Structures are given as C-alpha cells and as structure tokens.
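A structural walkthrough
What follows is each chain in one-letter form.
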Amino acid sequence: MNQVISFVDEQEVVRLTQDLVRIDSVFRPEQAGANEERVALFVADYLRKMGLEVYYEEVVPGRPNVIGIYDSGRPGKTLLFEAHTDVVTEGDRDAWSYDPFGATISGGRIYGRGSCDTKGNLAAAICAVKAIQRSKQEFTGKILLCIPCDEEGMMIGIKDFIRRGWANNVDAAIICEPEENQLCITQKGAMRAILRTYGKMAHGAMPLTGINPNTRMARAIVALEELERKEMARLGQHPMLGWPSITPTILQAPVKGDAQINVVPDQCMTTLDIRTVPGQDHEVLHGEMSAILEFLAREDDKFKATLEIIEERPWTLTAMEEEVVKAVASSYREITRKEPVYNGVPGATDGTFLHKAGIPILTTGAGDRHIPHHADEYVDIDQLVESTQLFALSALTFLTQPVRA
C-alpha cells in the first residue's frame, strides 16, 4: 500500500497547480463573469478525463460546486477531500514581484494568487486520486472530492453541498488548506456581527441639539474590548489556537449619505469579527454583548443600539482517537520518518460546517500558513509533492484497514 507514494508525479502536480492558478477565480460581484465558473468547468473536465463520476452544481449563477467520486465498487467507508476554487483579490498588482495569475516558478516555488490558498492543495488532492488509480491498489468504499465555491466569503458552496445531502454518508473529511502539512485537529469559531448606534443629525457647532451616535459607538467598542479581556483571562491562551478575540473592523458614520466635518451624523456602524475557541458558547457570548448594550442604555437614556449576527461558525475539535487523525498521522510518519506536528487552524474553513454536520475533520496541506492573502503568495513545490503523497497514502490507510493508536 505504501508504494502508492511512488505513483505521485511531481510534474503533474506542478502543471495542474499552474493551470488552476492561471484561471482568475476572484469573485468580483460588480464584474460580469468574474467568479469561479471558468475554473470549475476546467476541474470538472479534468475529473471526467480521469474517469471519475462528476457532478457540476450551480449554487448561484456563475458560482458552481464540483463533486468528483472515485468509487472502488466495494462497500465501505467514504473519505472526503475538500478544497475550494475561489481566491481572494490580488489587490495592488504593483505590490507583486510576479504576475498574480502567471503561476511563475522561481526558487522551487510556484507564485500566484491561490497557489497556497488553496489551488495547490486542490491539485494535490486530485493528483493523489490519480496516484491511487495508477497504483491499482484495491480499497473499499469511495473517495469524494468536494470542490466548492465561496470559501473566502459566506461559504455558500459548502452549505449548498451539505443541503443537497452530499455529506450524509461521509465518514471523515480532510480539509486541504495551507498548514505546512501539520495536522490541525481544531479551529477557531467565528461570529460576524453588525453593531449600529443611532442618533440625531445636528450642526457640529451645536452638537447638543442632536444625538451623537459616534460617542455612543465609542463606549460600546470600549466595553466590548473589556469583554474580550475578560474572556482572555477566563480561558487563557489556547495551546493550538491562541487567544479569543472581538475585533471591530469597519467603522462608518454616517451609514448613508455624505460625511461632513461639521455635521453630527444620525447613525454609526461597525462590523465585528469575533473569533472563538473551545470553552466559549456562542449563544452565551451573544447574550453578554447584548447585556453590554442594555447597560449602556440604562446609563444614557439617549443611547440606542442594535446588534445583528450575520454569520456564525462554531469552533471545532476532533479527537486524536478518530480514525482519520490516526490514518493521516501514520501516513505522515511513513512518508517523512518524522513525528507529525499537531496544531490548530487560526481561522475558519469549510470544514467548520462539515464538522457541524457530524463529520470528523482534519485540516492539512501544503503552504506556509502566514502566506495566504499576501502579495507574492507562493507554495513550495517540495511541500506540495509531500502533501500529494500524504493525501494518497492517508486515503488508502483510512479506507483499507483499521488504524492502531
């Protein structure tokens, strides 16, 4: 079974990564045709040529999911590999040393937007299946390739995948993200919120004739910072995930209309990026934030605010005893002759919702975890090949035999 490693074709992995990176799949809603459609069509065609059973499902117009199935024809477990097709904006192209969609090879690295997050790992998962095909190694059950859209946004792709029932019979999932081939068994949760304070427009020379929502927002932000400190003191620093956080990101006043230096606005808005760790309950945390606003309203009868949770992703934790964790760990030892490094994902992934659906997940893959979303994003070719080997051997190990602790 370990011989599957020798069937991984380095040049094939590199070529496929380059092909994927060269297809711009940044979602730009203001621009027609700027979405994941072209790269999804390319992937679907590639999988069909491999002989896989392929499904192409539009989540919303121009934003499809691709599902590929490699079925052994024998009853058994189902292992899912997940890697998304969307990438974040390249930003200012002048900040790049290389064409962000050129997939340039330099110094043993492939440069380009998505090379690290996560088109390199998508290529690795696909090429891992090709290696298993070439090895002719018998196994039971099936490998399911889940290739969704919109991981970088509201994760509508994976939500649609689950809603259509694809996750119902999955026994475990490997989330293919840039984690330096570390075995990530936990990840932070996320809550996205919009906080609004309301006031009354007035002349800046006569502010008492109005109600200033900005000063009220300032009090709310300071109180939320204090709540963050209390949570940090209560929970401490998680050994794999670090600190919980409540971070104001966008701050805007007025919310509508033009801002003027001599006008007190009628409304102020801030967005909150809240990251949670094991030990935090999202419902309880929401209640504590609401209680802060209620307290501020009691202290100031002109204080009016609303808090809207627009997205919620729970933190995840997978036990070391889960078969998928043991399968990947034993495969890592076999390939590298080293002990695996266990870690946590600092952000949220599509795996969040697979976990919520009851599927044990493990996140791993090639790429420096600090490089995604940066200019001159890259992936090391040696690490990418190692990921492909790891995916292939882990799949066979999980599907063909029980794994000892």
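Position numbers for residues start from 1 in each chain and track the written sequence from start to end. Thresholds applied to this predicted model are a pLDDT of at least 70 for local features of residues and 80 or more for the giving and counting of side-chain atom pairs; totals over whole chains, interfaces and linings are not thresholded and use all residues. The side-chain quantities take in all heavy atoms of the structure and omit both hydrogens and water.

1. Quick look at the sheet that holds strand β4 (residues 104-106)
Here, strands pair whenever DSSP counts at least two bridges between them. Working definition: helices are DSSP H or I runs of at least four residues, strands are E runs of at least two. Numbering for both runs from the N terminus. Judged by pairing direction, the sheet is antiparallel, and its three strands sit side by side in the order β4-β5-β18 without closing on themselves. Each edge of the open sheet carries a strand with a single partner, namely β4 and β18 (378-380). Strand-to-strand twist of the sheet, defined as the mean angle between neighbouring strand axes without regard to direction, takes the value 25°. As paired elements, β4 and strand β5 (residues 109-111) share three bridges and run antiparallel to each other. If you follow Thr-104 over to β5, its bridge partner there is Tyr-111. Where helix α1 (residues 10-21) meets the sheet, its contacts fall on β4 and β5, and the angle it forms with β5 comes to roughly 15°. The angle between two axes is taken between their N-to-C directions and runs from 0 to 180 degrees, where each axis is a line fitted to C-alpha atoms and a helix contributes only its stretch in contact. When checking whether two residues touch, look at their non-hydrogen atoms; a contact exists if any pair is within 4.5 Å.

2. Some points on the nonpolar core
We call a set of buried residues a nonpolar core when its members are Ala, Val, Leu, Ile, Met, Phe, Trp, Tyr or Cys and they connect through side-chain atoms within 4.5 Å of each other. When a residue's accessible area, from a 1.4 Å probe over protein chains only, is under 20% of the maximum for its type it is buried; when over 50% it is exposed; and in between it is partly exposed. Core analysis: the biggest nonpolar cluster contains 65 residues, and Leu-47, Leu-79, Phe-81, Ile-126, Ile-132 and Leu-145 have the highest contact counts within it. With eleven residues, helix α9 (residues 381-400) is the largest single contributor of residues to this core. The contact partners of Phe-81, leaving out residues within four places of it in the chain, are Ala-125, Ile-143, Leu-144, Leu-145, Cys-146, Ile-174, Cys-176, Phe-391 and Ala-395.

3. Here's the deal with the packing of α1 against α9
Where α1 meets α9, the closest approach of the two axes is 10 Å, and the angle between their N-to-C directions is 110°. Comparing the axis directions of α1 and α9 gives the class roughly perpendicular. Between α1 and α9, the contacting residues are Glu-10, Val-13, Val-14 and Thr-17 on the first element and Ile-381, Leu-384, Val-385 and Thr-388 on the second. Partitioning the contact of α1 with α9 into residue classes produces five nonpolar, two polar and one charged. In what follows, roughly perpendicular refers to angles from 65 to 115 degrees, roughly parallel to angles under 35, roughly antiparallel to angles over 145, and oblique to any angle outside these ranges. Classification used: nonpolar for Ala, Val, Leu, Ile, Met, Phe, Trp, Tyr, Cys and Pro, charged for Asp, Glu, Lys and Arg, polar for all others including Gly.

4. Details of the packing of aromatic side chains
Note on ring pairs: Phe, Tyr and Trp rings are taken, using the six-membered ring of Trp, and paired if centres are within 6.5 Å. Classes follow the plane angle, with under 30 degrees stacked, over 60 edge-to-face and the rest tilted. For the structure shown, the criterion picks out seven aromatic pairs. Between the aromatic rings of Phe-42 and Tyr-46, the centroid separation amounts to 6.2 Å while the plane-to-plane angle is 35°, which identifies the pairing as tilted. Within this pair, Phe-42 and its partner Tyr-46 are both found in helix α2 (residues 37-49), separated by four residues, close to a single helical turn. Three or more aromatic residues link up through ring pairs in this structure, and these residues are Tyr-55, Phe-161 and Trp-166. Whether a charge lies above a ring is judged from NZ of Lys or CZ of Arg, which has to be within 6 Å of the ring centre and within 35 degrees of the ring normal. Directly above the aromatic system of Phe-27 lies the positively charged group of Arg-63, at a separation of 3.6 Å from the ring centroid. Against the face of Tyr-198 rests Lys-304, its NZ or CZ located 5.5 Å from the ring centre.

5. Thoughts on the pattern of salt bridges
Should a side-chain nitrogen of Lys or Arg be within 4 Å of a carboxyl oxygen of Asp or Glu, the pair is scored as a salt bridge. Applying the stated criterion across every chain yields a total of 30 salt bridges. Between Glu-226 and Arg-229 there is a salt bridge whose closest N-O contact spans 2.7 Å. Pair noted here: Glu-226 and Arg-229 are both in helix α5 (residues 213-235), with a separation of three residues, about one helical turn. The exposure class assigned to Arg-229 is partly exposed, which follows from its relative accessible area of 42%.

6. Considering the UniProt feature "domain: Peptidase M20 dimerisation" (unreviewed entry) in the protein chain
UniProt positions are given in the numbering used here, feature names are shortened, and annotations may be inferred rather than shown by experiment. The residues that UniProt annotates with the feature "domain: Peptidase M20 dimerisation" (unreviewed entry) are residues 185-300. The span residues 185-300 is 35% helical and 30% strand by assignment, and the distance between its end C-alpha atoms comes to 45 Å.

7. Describing unusual backbone geometry
Omega for the bond connecting Asp-117 with Thr-118 falls within 30 degrees of zero, at -5°, which places this linkage in the cis form. Take Thr-118: it is sitting in helix α3 (residues 115-135). For the bond from Ala-253 to Pro-254, the omega torsion is -5°, close enough to zero to count as cis. With respect to the element layout, Pro-254 can be found in the loop between β11 (245-252) and β12 (263-264).

8. Remarks on the domain arrangement of the protein chain
For the protein chain, the domain assignment lists domain 1 (2-187 + 315-400) and domain 2 (189-313). Each domain's extent was defined by an automatic or database domain assignment. For domain 1 and domain 2, the distance between their C-alpha centres works out to 36 Å. With 16 residues of domain 1 in contact, the opposing surface of domain 2 contributes 15 residues. Sorting the residues of domain 1 by area buried against domain 2 places Met-154, Thr-186 and Trp-315 first, and these three jointly supply 45% of that buried surface. Where domain 1 meets domain 2, there are one salt bridge. Here Lys-159 ties to Glu-311 by a salt bridge, and the two come within 3.1 Å at their closest N and O atoms. Definition of a polar contact: a pair of N or O atoms within 3.5 Å, with one able to donate and the other able to accept a hydrogen when the atoms are protein atoms, and with sequence-neighbouring residues admitted only if both atoms are side-chain atoms. Linking domain 1 with domain 2 are four residue pairs in polar contact (both at pLDDT 80 or more), by the criterion used here. For the side of domain 1 that touches domain 2, the secondary structure elements donating two or more residues are β8 (183-187), β16 (342-345) and α8 (351-356). In terms of residue count, β16 provides more of the side of domain 1 that touches domain 2 than any other element does, four residues in total. Residue composition of the side of domain 1 that touches domain 2, by class: eight nonpolar, seven polar and one charged. Here's the idea: put two parts together, see how much 1.4 Å probe accessible area each one loses, and the total over both is what we call buried area.

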